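Listed below are the residues making up each chain.
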Amino acid sequence: MLKTLPAVFAVGKSYQIMVQLRCEALVSIQIGNKTYYDDSNGIMNSLSPIHRVCVPMEVLDQEKQYTVCIRPIVERKPYFTETKEPVAYRFAFAPVPETNIRVYHISDAHNAIDMPVKAAKAFGKIDLLILNGDVIDHSGDPEKFSNIYEICAQLTDGRVPVVFSRGNHDMRGNFAEKFADYTPNHHQNTYYTFRLGSIWGVILDCGEDKMDDHPEYGFTVACHVFRERQTEFLKTIIEDAEKEYGAEGVKTRIVIAHNPFTQQLQSPFDIEEDIYRQWASLLKTYVRPDLMICGHTHKYGIHKTGGEYDHLGQPCTVVIASEPQKERFIGCGFVIGDGQIEAVFTDSCGDTLSKEIIPKLG
C-alpha cells in the first residue's frame, strides 16, 4: 500500500509528513491522542498519489512517534462512498538534537538514487537530510517524483527530518507547474524558513539560471518577478527577526539555495546581479548566516569570502555540497557543533575525500 516510507519535511514551525501510496485512499496521521488529516477545506483528499499531512513540530518532537492511517477507497461517490478498513503503520521519530548535529546534503542527483544514497551512507548516521534541488532531471513525468521519496526512504526510514529545496531542472516539463503539489512548500511557495532544534534556516529559490526570455524556456517561466517577491520575503524575515533567526535558542543560521547566486558567471548565466546583490547584502548585514549550502555547479568545494563566489557580496562561507560524476557521486556531510561546523565530503565508493572546519560567526 505504501509506495515508499513517509518523508518528514521541515517547513516553518511545522512538519509536512508526505506519504506516497500505490492506491487511491484517505490518509491521516495519529500523534498521541490527536489526529491530523490530509484534507482540502474539510474534504479528505484521495486523488493524488502523494498525501501531505501538516503537524506542529513541538507535538511530534515531544511524542517521538507517529502513526500513518490509510483507508483505501473502493468507490468514491456523491453518496455512501465505499471504503475498506484502515491500515495503520507506526514510525519512530528522532527530533534534531541540540548540538553535534549530523547533516547530509544531496543535490543534482538528476534522477539517480543508488549512488547518492551510497555517498550519504559513507558519512554514517544522520540527524537531518538536505535535498537541495535537481534531485530529478526534469518534471515532465510525475513518476519521477517517486525518486525524491525513495532517497528519503532509504536514508531516513521515515524517522529523520528532511529539508527540501527546488532546483532549476525541477522547473522544466509538463508537471513543473504542479511541483509544489508533489513536494513540501509553504502556502505553495518554494521559499521559506525552518527551525529544527538550535538550527534556523532559510531556503531561497533562484528559479531558472538564464533570463526569462531565453529560447530554451519557450515563454514558460516568470522568474524575475518570482525573485522580486523573495526580496520582499527577506525583508519580512528581518522585520520579524525575534521570531526567526534571532529567536531564543538559535545557535546556527544557514542559507540553502540550489544556485550559488553570488558567484561570477559568464553569459547567458550572468543574470539578476542587482537582485542577487541585494539578497546577499540583506543576509550579510542582518541575518549573518554561518553557512550557505548550494549545488548546481556540479563541482564540489568550500568557498570562503573573497573568492570567485564573492562576486556579489558573499554573505558567508559557501559550500558546493554535491558533485555528480559518471562513475560516482560526491556529497557532503556536516557536523554542526556549538562553535564550528565540520564539512565532510564523501562519495558513492565509500571514501571520505576531505574534511574542513568552518568557524561559526558566533
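Caption draft 1: Expanded view of the overall build of the protein. Across its full length, the protein carries 6 helices and 23 strands. For a compact globule of 362 residues, the expected C-alpha radius of gyration is about 21 Å, and the protein comes in at 20 Å, within 12% of that figure. On the principal axes, the C-alpha backbone points of the protein span a range of 65 × 45 × 45 Å. For the protein, the proportion of its 362 residues judged to be buried stands at 54%. Within the protein, contacts between residues at least 6 apart in sequence are counted, and of these 69% link residues at least 24 apart.

Caption draft 2: Broad picture of the pattern of salt bridges. Per the stated rule, a full pass over the model turns up 16 salt bridges. Between Arg 172 and Glu 216 there is a salt bridge, with the nearest N and O atoms lying 3.3 Å from each other. Of the two residues, Arg 172 sits in the loop between strand E13 (161-165) and helix H4 (179-182) while Glu 216 sits in the loop between strand E15 (199-204) and helix H5 (223-239), which places them 44 residues apart along the sequence.

Caption draft 3: Main features of the nonpolar core. Residues Tyr 66, Ile 106, Leu 131 and Phe 334 are the most contacted members of the largest nonpolar core, which totals 77 residues. With 32 residues, the next largest nonpolar core counts Ile 237, Ala 257, Met 292 and Leu 312 among its residues.

Reading guide: rules and limits
- Counting restarts for each chain, with residues numbered from 1 along the sequence as it is written.
- Side-chain atom pairs in this predicted model are given and counted only at pLDDT of 80 or more, local residue features only at pLDDT of at least 70, and totals for whole chains, interfaces and linings cover all residues.
- Side-chain metrics in this entry use all non-hydrogen atoms of the structure; hydrogen atoms and water are not considered.
- In this description a helix means any DSSP run of H or I spanning at least four residues, a strand means any run of E spanning at least two, and both kinds are numbered starting from the N terminus.
- Two things to know: the radius of gyration comes from C-alpha atoms, and the globule rule equals 2.2 Å times the number of residues to the power 0.38.
- Relative accessibility under 20% of the residue-type maximum defines a buried residue, over 50% an exposed one, and the middle range a partly exposed one, all with a 1.4 Å probe and only protein chains included.
- Contact definition: two residues touch when any of their heavy atoms are within 4.5 Å.
- Salt bridge, as applied in this entry: a Lys or Arg side-chain nitrogen positioned within 4 Å of an Asp or Glu carboxyl oxygen.
- Side-chain atoms within 4.5 Å are what join buried Ala, Val, Leu, Ile, Met, Phe, Trp, Tyr and Cys residues into a set we call a nonpolar core.

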